[in-house]
Amino acid sequence: MDISFEQAAQKMELATLTVAPDEAVHILHPNQIVAFQGSSYQREDSLMKLVGMYRKKRMIQSKISGPARLMLGLPAGYSMTTLTIRPDEDLLFEFRHVLFYTEGMTFRTQVQTVRNTLMTRDFVKMRFQGPGTLGLMTTGALVPIELDPEKPLYVDINCLVAYPQHITLKPCVYGNALASQYMNYQWELTGTGQVLLQPSKPDRALDEHMQSDSLIRRVLREVIPFGGVFIK
């Protein structure tokens, strides 16, 4: 399958997938198909499995068989990245970031511990094995970071897209009392291999801070208990 990207304001927001006659691609976010060139019968929609429905908060996925061409678009602020997945790939992915995968790939669920599920509100991770191509969508360009067996890497839970299966991972906070009280939960990661991060995330608090607002109002929201609820 041939994949080409078009840049809009230096962001990969549109991808064209050219599917060969003997190929097929599974689209997990069918609403992002903005254009399709082929015969009607080459698109087959089906119900997702229960795990997919839970993670994607949607029920339908699409299978596009070749020869066909389609364009996938993303809203402003999101980016697409494609990864070549090997047969021995051991990365565990946050399922919500998966936009598409090519026919012939296999995947299985990896159930999290109860503690990690409560912290992240995510019951399973997905392990894809190739050969094949995986399409991901993230807020900002996907960033790989090398792990260290001894020195922990702390990553905001909402920014972690994928990590190797055989590493040490636990939710935590770090810093002094004030830092640990106000930060989001972090993953503490040690081991070998690379983790994949999205550099930004939806942040309502940041959006509010970036808007013109009085200093007193912002301070009161932070200081008064439930100030963010009562002071708009």
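In this text the structure is predicted, and so the values were computed from the model without any measurement.

## Considerations on the environment of Leu 74
Then comes step 1: Along the polypeptide, Leu 74 turns up in the loop between strand S7 (68-73) and strand S8 (78-85).
Then comes step 2: Leu 74 gets classed as buried once you look at its relative accessible area, which sits at 10%.
Then comes step 3: Residues Leu 74 and Leu 14, spaced 60 residues apart in sequence, show a C-alpha to C-alpha distance of 6.6 Å.
Then comes step 4: Discounting chain neighbours no more than four positions away, the residues touching Leu 74 are Glu 13, Gln 32, Ser 79, Met 80 and Met 137.

## Observations regarding the sheet that holds strand S15 (residues 153-156)
Then comes step 1: Strand order in this open sheet of 3 strands is S15-S18-S17, and the pairing throughout is antiparallel. Here the strands that pair on one side only, and so sit at the sheet edges, are S15 and strand S17 (168-172). The sheet shows a mean angle of 30 degrees between the axes of neighbouring strands, direction not considered.
Then comes step 2: Relative to strand S18 (residues 186-190), S17 is paired through 5 bridges, and the arrangement is antiparallel. The residue bridging Pro 171 from the neighbouring strand is Trp 187, located in S18.

## Overview of the nonpolar core
Then comes step 1: Core analysis: the largest hydrophobic core is formed by 18 residues, its most contacted members being Phe 93, Phe 128, Leu 134, Leu 136 and Leu 196.
Then comes step 2: Discounting chain neighbours no more than four positions away, the residues touching Phe 93 are Leu 83, Ile 85, Lys 125, Met 126, Phe 128, Leu 134, Leu 136, Val 161, Ala 162 and Leu 196.
Then comes step 3: Among the nonpolar cores identified, the runner-up in size contains 15 residues, and Ala 15, Ile 33, Ile 64 and Leu 99 belong to it.

## Things to note about the pattern of salt bridges
Then comes step 1: Applying the stated criterion across every chain yields a total of 7 salt bridges.
Then comes step 2: Between Arg 43 and Asp 45 there is a salt bridge; the shortest N-O distance is 3.0 Å.
Then comes step 3: With relative accessibility at 34%, the residue Arg 43 sits in the partly exposed group.
Then comes step 4: On the basis of relative accessibility, which here comes to 42%, the residue Asp 45 falls in the partly exposed class.

## Describing the packing of aromatic side chains
Then comes step 1: Going through the model one piece at a time under the given rule, you end up with 5 aromatic pairs.
Then comes step 2: When the centroid spacing of 5.2 Å and the interplanar angle of 40 degrees are considered together, the rings of Phe 107 and Phe 128 count as tilted. Here Phe 107, found in strand S11 (residues 106-111), pairs with Phe 128, found in strand S12 (residues 124-129); they are 21 residues apart in sequence, far enough to count as distant.
Then comes step 3: Here Phe 107 falls in the partly exposed class, since its relative accessible area comes to 33%.
Then comes step 4: A relative accessible area of 0% means that Phe 128 is categorised as buried.
Then comes step 5: Ring-pair connections join several aromatic residues into one group, and the members of that group are Phe 93, Tyr 101, Phe 107 and Phe 128.

## Quick look at the sheet that holds strand S13 (residues 132-139)
Then comes step 1: With respect to topology, 6 strands assemble into an open sheet ordered S5-S6-S3-S10-S13-S8, the strand pairing being antiparallel. If you trace the sheet from one side to the other, it starts and ends with strand S5 (43-47) and S8, each paired once. On average, adjacent strands in this sheet sit at an angle of 20 degrees to one another, irrespective of strand direction.
Then comes step 2: The sheet contact formed by strand S10 (residues 98-102) and S13 spans 3 bridges and is antiparallel. If you follow Tyr 101 over to S13, its bridge partner there is Leu 134.

The rules behind these values
- Residues numbered from 1 in each chain as written.
- Predicted model: local features only at pLDDT ≥ 70, side-chain atom pairs only at ≥ 80, totals over all residues.
- Heavy atoms only, no water.
- Helix = DSSP H or I, 4+ residues; strand = E, 2+ residues; numbered from the N terminus.
- Buried < 20%, exposed > 50% of the residue type's maximum accessible area, 1.4 Å probe, protein only.
- Contact = heavy atoms within 4.5 Å.
- Pairing = 2+ DSSP bridges.
- Axes fitted to C-alpha atoms, helices over the stretch in contact; angles between N-to-C directions.
- Core = buried A, V, L, I, M, F, W, Y, C linked by side-chain atoms within 4.5 Å.
- Salt bridge = Lys/Arg side-chain N within 4 Å of Asp/Glu carboxyl O.
- Phe/Tyr/Trp six-rings, centres within 6.5 Å; stacked < 30°, edge-to-face > 60°.

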